Amino acid sequence: MLQISLFENEIMSYVPVRVRDTRVSPQQSPIMNRANRTVPPFKRDFEAKLRNFYKKLETKGYGQGPGKLKIDVRRDHLLQDAYNKIMSMPKKDLQKCKLSAQFDNEEGLDYGGPSREFFFLISRELFNPYYGLFEYSANDTYTVQISPMSAAFVNNKEDWFRFSGRVLGLALVHQYLLDAFFTRPFYKTLLKLPMSLSDLESVDREFHQSLCWVQERDISGEMLDLTFSVTEEVFGQTVEKELKPGGQRIFVTDKNKKEYIDKIVKWRLERGVTEQTGALVQGFYDVVDPRLVSVFDAQELELVIAGTVEIDLSDWRNNTEYRSGYHDGHQVIRWFWSSIEQFTNEQRLRLLQFVTGTSSIPYEGFSALRGSNSPRKFCIEKWGKANSLPRAHTCFNRLDLPPYTTQNILCEKLLLAIDESNTFGME
């Protein structure tokens, strides 16, 4: 069992609110600012890598069956149910079986929608700093990293981190996006890439700047009083740790500063989470062969796992299909897009999650939204009476939109639907 012994009031004071949703954990995942995301400079190369990567997964039988990995979960015990199932599966089954998620006491066939919602919800809880496995980086409350406090407050921490790695691997293999954003060093860790001083910037900007000052300056005449040792807090106690044998007595000079920077960067990025990191990486590679993932760099892996989050309305509209009498010039459709233009980005993401089961967008944009087992565009179908609420078919990325008589009514009904609809059912 995942045991939490954190000081709730202190933790929650640092928790930003993203989207109101009573189904999930106390902390809601925040919206990622575009400035915190990086688009690879060689777009065509990355897209070719991505296509080749998924082609290789298919060729090697990843997620193809004939066996099934059926994950039955209760919404109020989502984390524990998923842990019990996924951790009981042999590695070969995790790699080869087709995945199917089902929520307890909810009728519905999984053509992709429930599985997408499963990964969306599990990532909101598993990577939520409230539970003690992960924490926010020093720079922001958008990106998370493994928490050193997990060693003290989480029972069976290595098993839980191995489970976390398996969830990441399953999401990658089955092409489901996660509602979680990690620091750049986290992705480099997954890829088993060496760290450098530049990686520290995304984790602790001020510390990075101070080390850059040391690196770029001739410190021969400076009285820095730096030694090869650091102070750190361990279970409430401040202790001094040597970066090398006898480090407390070795002062940093212009000649040995490179060694000092290398060692202190390693210390800062590891932060006492070596065992947890090893377990997570092991879980990730329980599901996917490291040779296949090695084609990506850290920036690319970030985009594959988390997608993008700032919605491009033009891309959305250009990749939307219409059915049953609706078309792009229809009055109701014009009101729909006019309403979406007035929505905040949070509201747009909530609408996207209502219709597709995820609040993230693939790297390639709306043209690459996935349906049950293949790309399927966002679709709006004319349905129902003018006083009905819109309904969604997440397996098919389809919004059933009634023929409302005014834009105000359309906007009101749309917001009401995305606020209150939270389960899958057979139509």
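That block above? That's the structure.
Residues numbered from 1 in each chain as written. Predicted model: local features only at pLDDT ≥ 70, side-chain atom pairs only at ≥ 80, totals over all residues. Heavy atoms only, no water.

Turning our attention to the sheet that holds strand β9 (residues 391-393). A sheet is described by the order of its strands in space; here four strands give the open sequence β7-β8-β10-β9, paired in mixed fashion. Unpaired on one side and paired on the other, β7 (320-323) and β9 mark the two borders of the sheet. Ignoring which end each strand starts from, the neighbouring axes of this sheet average 25° apart. Here β7 pairs with strand β8 (residues 378-382) via four bridges, running parallel. Residue pairing in the sheet places Arg 323 in a bridge with Glu 381 of β8. Running over the sheet, helix α16 (residues 345-356) touches β8, β9 and β10 (398-401) and is turned about 60° from β9. (Pairing = 2+ DSSP bridges. Helix = DSSP H or I, 4+ residues; strand = E, 2+ residues; numbered from the N terminus. Axes fitted to C-alpha atoms, helices over the stretch in contact; angles between N-to-C directions. Contact = heavy atoms within 4.5 Å.)

A complete count under the given rule lists 23 aromatic pairs for this structure. For the ring pair Tyr 83 and Trp 160, a centre distance of 4.2 Å and an interplane angle of 20° mean the geometry is stacked. Taken together, the residues span a long stretch of sequence, with Tyr 83 in helix α3 (residues 78-87) and Trp 160 in helix α7 (residues 157-173) at a distance of 77 residues. The burial state of Tyr 83 is the same as that of Trp 160; both residues are buried. Taken together through their ring pairs, the aromatic side chains of Phe 127, Phe 134, Phe 161, Phe 182, Phe 186 and Tyr 187 make up a single cluster. The ring of Phe 103 carries the charged tip of Arg 75 above its face, separated from the ring centre by 4.0 Å. (Phe/Tyr/Trp six-rings, centres within 6.5 Å; stacked < 30°, edge-to-face > 60°. Buried < 20%, exposed > 50% of the residue type's maximum accessible area, 1.4 Å probe, protein only. Lys NZ or Arg CZ within 6 Å of the ring centre and 35° of its normal.)

Bringing the pairing of β8 into the picture now. Walk down a regular strand and you will see the side chains alternate between the two sheet faces. With respect to burial, β8 is a largely interior element, four of its five residues being buried. In this structure, β8 lies alongside β10, joined through four bridges in parallel fashion. If you follow Cys 379 over to β10, its bridge partner there is Arg 398.

Relative to the assigned elements, Leu 178 resides in the loop between α7 and α8 (184-190). A sequence separation of eleven residues divides Leu 178 from Val 167, and the C-alpha atoms of the two residues are 9.5 Å apart. The contacts of Leu 178, once residues within four sequence positions are left out, are Phe 119, Ser 123, Phe 127, Leu 168, Ala 171, Ile 305, Ala 306 and Ser 360.

Our next topic: the pattern of salt bridges. Per the stated rule, a full pass over the model turns up 21 salt bridges. Between Lys 49 and Glu 300 there is a salt bridge whose closest N-O contact spans 3.0 Å. Remark: Glu 300 occurs in helix α13 (residues 298-306) and Lys 49 occurs in helix α2 (residues 43-59); sequence separation between them is 251 residues. If you follow the salt bridges from partner to partner, you end up with Arg 323, Glu 381, Arg 391, Arg 398 and Asp 400 in one network. (Salt bridge = Lys/Arg side-chain N within 4 Å of Asp/Glu carboxyl O.)

What follows is about the environment of Lys 188. For Lys 188, the position within the fold is in helix α8. Non-local contacts of Lys 188, meaning those with residues more than four positions away in its chain, are made with Leu 193, Pro 194, Met 195, Ser 196, Asp 199 and Ala 298.

In this section: the pairing of strand β1 (residues 68-73). By the alternation rule, side chains of β1 split into Leu 69, Ile 71 and Val 73, which are all buried, and Lys 68, Lys 70 and Asp 72, of which none is buried. Here β1 pairs with strand β2 (residues 98-103) via six bridges, running parallel. When the bridges of β2 are listed, Asp 72 appears paired with Gln 102.

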